Amino acid sequence: GMPTEHFPSATPNVNDGLVRLSSNENAFGPSKKAAKAMQSELLNLARYTDATVDVLAKKIAKQEGVLPEQVVITNGSSPILFGYADWITKNGNKLVTSMATYEGIPRGAEFMGADVTYVPLAADMTFDLDAIEAAVTEDTTAVYVCNPNNPTGSMVDAAKLTAFAKRVSKKAQVFIDEAYIEMSDAYPANVQSKLVAEGHNVVICRTFSKIHAMAGQRLGYAIMPAEQATSMGRLLRMGGVNYLALVAGMASMDDHENLNVMRKRIKIERDKLIGAAEALGQPYAKHPQGNFVYLDTGMPHDKFAEKMKAQGIKVVGRTWPGYDTWSRISVGTPAETDACVKALKVVLA
Ligand code: PLP
């Protein structure tokens, strides 16, 4: 029969003995309908998946109001980020982004030899769109915006971002990473796919790893101008996409009830972490909209990680330049988040 719980598991992937709040995973687990759909397809693994990829592309295109040929589907969104970093190096080699943001594109681009400009966050710890716009020149290849941003969880005003993207995309391509967008209170009003539909020089990136809780299955997509999707997409999805991921992704997209409940459950857990930061008087990035909170613990992040580990909680093990005493904590299940709050009280007392 259908497993009703995702614990316990024999693999360290699922259970390493610690409460794992370090990777912005969605501890609530995937849609039961997605699991059921995968189960019924378990023996249908003999074929390559191009035809099914096309079905999902059409489904995404319909949802986002774009054309199927503007959709690129990959095994998680990370291949898109690294493929995009490579694309930057071949199209002018210059990226502008913010400090304290997701490393996929900027770190990838740096590694491949690109010139990356990191603009400081605004005083309220949001992406400083005005300063970023001022840093863009005719030579800039691309601008990376993460919304909600990882690690801060902050969002920029939707109308302001739309206007920014329309202006800036005349000079450089604007890449908007919406990995956590479905977790935001104002979803779907925050979604920027319309920019691609309207023909602006914009890329939108999404993943099934976050609200769909399928990080272990690997499925993500980008929406971009059709010509770019044809050239870049052909390389990115070479060999196709994991079949069970496609099956699960489609079922999860259809499970609107699950997604609505998930958004509410995540908010409840996020509010617990915010409440703990407030009660302990620790500064944190305000109004986080993903499944994580970024807070100033007042100690080096590795020391904080070590102290939390002693309490059985694994928090993020990396840091962002300029934010050495800040740590990012993901929300967990109610019991996991409660355990984390308890540990925070011990460690930060
Ligand atoms: N984009 C952002 C902002 C993320 O935080 C992550 C993962 O944490 C990713 C993209 C990549 O996730 P995946 O490759 O699982 O889609």
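Conventions and cut-offs
- Residues numbered from 1 in each chain as written.
- Predicted model: local features only at pLDDT ≥ 70, side-chain atom pairs only at ≥ 80, totals over all residues.
- UniProt positions renumbered as here; feature names shortened; annotations may be inferred.
- Helix = DSSP H or I, 4+ residues; strand = E, 2+ residues; numbered from the N terminus.
- Rg over C-alpha atoms; globule rule 2.2 N^0.38 Å.
- Buried ≥ 20, exposed ≤ 12 C-beta atoms within 10 Å, placed from the backbone.
- Near = placed C-beta within 6 Å.
- Nonpolar A, V, L, I, M, F, W, Y, C, P; charged D, E, K, R; others polar.
- Core = buried A, V, L, I, M, F, W, Y, C linked by C-beta atoms within 7 Å.
- Domains from an automatic or database assignment.
- Contact = placed C-beta atoms within 7 Å.
- Pairing = 2+ DSSP bridges.

As recorded in an unreviewed UniProt entry, the protein chain goes by Histidinol phosphate aminotransferase and comes from Alteromonas australica. The protein chain has a UniProt comment under Sequence similarities (unreviewed entry) that states "Belongs to the class-II pyridoxal-phosphate-dependent aminotransferase family. Histidinol-phosphate aminotransferase subfamily."

This paragraph deals with the overall build of the protein chain. The helix and strand inventory of the protein chain stands at twelve helices and eleven strands. For the protein chain, the C-alpha radius of gyration of 20 Å lies close to 20 Å, the compact-globule estimate for 349 residues. Dimensions of the protein chain along its principal axes, counting C-alpha atoms only, are 55 × 55 × 35 Å. A burial count over the protein chain gives 48% of its 349 residues as buried.

In the region of the ligand, 14 residues are neighbours, and Gly76, Ser77, Ser78, Thr207 and Ser209 sit closest. Split by residue class, the shell around the ligand holds four nonpolar, nine polar and one charged.

What follows is about the nonpolar core. In terms of nonpolar packing, the biggest core is built from 104 residues, with Val71, Val72, Val143, Val174, Phe175, Ala222 and Ala248 touching the most fellow members. Both domains that furnish three or more residues to this core are identified here as domain 1 (19-30 + 256-348) and domain 2 (33-254). Non-local contacts of phenylalanine 175, meaning those with residues more than four positions away in its chain, are made with Tyr84, Ile105, Ala142, Val143, Tyr144, Val145, Val203 and Cys205.

With six of six residues buried, strand 7 (residues 202-207) is to be regarded as a mostly interior element. Alternating positions in strand 7 separate into two faces, Val202, Ile204 and Arg206 on one and Val203, Cys205 and Thr207 on the other, with burial throughout. Across four bridges, strand 7 lies against strand 8 (residues 220-223) in antiparallel orientation. Counted as the bridge partner of cysteine 205 is alanine 222 from strand 8.

Domain annotation for the protein chain reports domain 1 (19-30 + 256-348) and domain 2 (33-254). In this structure, domain 1 and domain 2 have C-alpha centres spaced 24 Å apart. Mapped by element, the contributors of at least two residues to the side of domain 1 that touches domain 2 are helix 10 (256-280) and strand 9 (292-296). Per element, the largest residue contribution to the side of domain 1 that touches domain 2 is five residues, and it comes from helix 10. Residues that form the side of domain 1 that touches domain 2 fall into these classes: 13 nonpolar, eight polar and five charged.

This part is about unusual backbone geometry. Cis geometry is found at the peptide bond from asparagine 147 to proline 148, where omega equals -5°. With an omega dihedral of 5°, the bond running from tyrosine 187 to proline 188 counts as a cis peptide bond. Here proline 188 is to be found in the loop between strand 6 (173-177) and helix 7 (194-197). The phi torsion at methionine 125 lies on the positive side, around 70°, for a residue other than glycine. Its place among the elements puts methionine 125 in the loop between strand 4 (115-119) and helix 5 (129-135). For methionine 125, a count of 21 C-beta atoms within 10 Å gives the class buried. In this model, alanine 213 sits at a positive phi of 55°, which is unusual for a non-glycine residue. Mapped onto the elements of the fold, alanine 213 is located in the loop between strand 7 and strand 8.

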